[in-house]
Amino acid sequence: MNFAMSTLRPFEKDLDKTSPNRNIAPISTEIDTEEKICVAGCSLSGLAQKYGTPLYILDELTIRKSCKEYRESLSEYYPGESMALYASKANSSLALSRIVASEGMGIDVVSEGELITALRGGVPTNKIIFHGNNKSFSELSLAYNNNVIIVLDNQNDIKQLASIVKSEERKARLMLRFTPGIECHTHDYIKTGMLDSKFGFNYTEIENIFVQFKNIKWGELIGLHAHIGSQIFEVEPHRDLADVMAKVLKMGRKYGHPIDILNVGGGLGIRYISSDDPPSIKSWVKVVSEAIFEACNNRSLELPLLMCEPGRSIVGTAGLTIYSIGSKKEIPGIKTYLAVDGGMSDNPRPITYESKYSAYLADRPFFKEKNRVTIAGKHCESGDVLLNDVLIPECKCGDILVVFGTGAYNFSMSSNYNRIPKPASVLVNKGNSDLIQRRELPEDLLRNDILPDRFIAKD
Ligand code: LLP
């Protein structure tokens, strides 16, 4: 096997090779007898022919396996009750909601759009929690009316809810989000736990909130929440977080609040390129579970229900994007650009965070040549580059390029820059492919445009 394909596999040193987030490609990736890349028994170039490009592809087995790893390791390592929730900001759709719900997971949502997707996808309301640092009145009303747990982020949430909840008979079920003052090594834009974060109450304000809630009859504080960042490869920050959370739990119970849930957020990283080395799902859950157990035990606290909210490590590795290669621009002695039929509108992560990805040709994964190319998108922006300086075999216009690791924060952060329609998404499983989001058409982009009558009159 050539070095390029071997990097798709997990590190040999890893004892926990089956953790999907430690792979670059979905776990059902194979090379068929014609040396074509297949996922879940579907050849990628075949999918390109059937659905067109660019195309988002999700491997159902990888998603289900990731959900199971969270669920099973929580019950293995945490002696109390536990629940993993999928952070649907990573990729929200009816099909994904249905899959994670069928795996027994809850879901975390941050907008009316994500909430109705989860509800219509069949997620039970008692397994949905609603976040947001600037929730609208209608979002809070919808969440309360559906009996969803609401995560209080600031005083504005409290003020609005006070006018939404009319009867004390059905109190709002609330969690309190706070910034624990914990730093982790990830991109500055995706850190959330430090004290100057825009999310949640400051650590120093919490005691006042506990006092304030002693006089509030319309809601009860049933949990605490903190999320320290995303794409994290260390486990130490979550160990530290457990201690801070147990301390706040003790304080909240001292004030008489029925706090019975600790939600440690998400954040576990995935392997985008061969040098990425994230812990497995199992080892992350083990550290978090043991740390919460220990921190509560040390303070003689009855064990709370442990929640976590993984997003990227559920869907990131399950997803890939296929593109058609188009134009080539060679700048002798400087660089060669290969342009694809998508780019920053379907994957804004490289231009936003300088994120790195791994790419292969769908029908020529093995190669000896060392062609260094830069894969550019088709948008009118010089920074619209998906991969810088990667090795790809000699290829021609129309060849299919595969970019792995695009299941999280690609579709959900996609845009219509340059009025480029969003790609379709397909779910692959056991040799079948199902369309789960249809491809946008240029006409769809005109749906909300209005030409004022007076302009028409003038014409
Ligand atoms: N819970 C909360 C409250 C969050 O804010 C997030 C992510 C998660 C859970 C899930 O975190 P995960 O397990 O996916 O790391 N757009 C960025 C990532 C932003 C993450 C925002 N919050 C990216 O593309 O890297």
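For the structure, check the block above.
Residues numbered from 1 in each chain as written. Predicted model: local features only at pLDDT ≥ 70, side-chain atom pairs only at ≥ 80, totals over all residues. Heavy atoms only, no water.

(A) Here's a closer look at the pairing of strand β19 (residues 400-404). The element β19 is largely enclosed, with a buried count of five among its five residues. Burial of β19 is two-sided: the residues Ile-400, Val-402 and Phe-404 facing one way and the residues Leu-401 and Val-403 facing the other way are all buried. Inspection of the sheet shows strand β14 (residues 319-331) paired to β19 by five bridges, in the antiparallel sense. Across the sheet, Ile-322 pairs through a bridge with Val-402, a residue of β19. Here strand β16 (residues 359-361) pairs with β19 via three bridges, running antiparallel. (Buried < 20%, exposed > 50% of the residue type's maximum accessible area, 1.4 Å probe, protein only. Helix = DSSP H or I, 4+ residues; strand = E, 2+ residues; numbered from the N terminus. Pairing = 2+ DSSP bridges.)

(B) Broad picture of the packing of helix α4 (residues 94-102) against helix α5 (residues 112-120). At a minimum axis distance of 8 Å, the contact between α4 and α5 shows a crossing angle of 55°. Between α4 and α5, the angle falls in the class oblique. The element α4 and its partner α5 pack so that their crossing is right-handed. Residues Leu-94, Ser-97 and Arg-98 of α4 form the contact with α5, whose participating residues are Thr-117, Ala-118 and Arg-120. Here the contact of α4 with α5 is composed, by residue class, of two nonpolar, two polar and two charged. (Axes fitted to C-alpha atoms, helices over the stretch in contact; angles between N-to-C directions. Parallel < 35°, antiparallel > 145°, perpendicular 65-115°, else oblique. Left-handed = near helix turned anticlockwise from the far one by under 90°. Contact = heavy atoms within 4.5 Å. Nonpolar A, V, L, I, M, F, W, Y, C, P; charged D, E, K, R; others polar.)

(C) Quick look at the nonpolar core. Membership of the largest hydrophobic core comes to 79 residues, with the highest contact counts inside it found for Ile-63 and Leu-224. With nine residues, the single largest contributor to this core is helix α10 (residues 281-298). For this core, the domains that each give at least three residues are domain 1 (3-59 + 319-441) and domain 2 (60-315). With residues up to four places along the chain from it excluded, the contact list for Leu-224 reads Met-175, Leu-176, Phe-178, Phe-210, Met-245, Val-248, Leu-249, Ile-259, Ile-261, Leu-262 and Asn-263. Ile-24, Leu-55, Ile-57 and Val-428 belong to the second largest nonpolar core, which has 22 residues in total. (Core = buried A, V, L, I, M, F, W, Y, C linked by side-chain atoms within 4.5 Å. Domains from an automatic or database assignment.)

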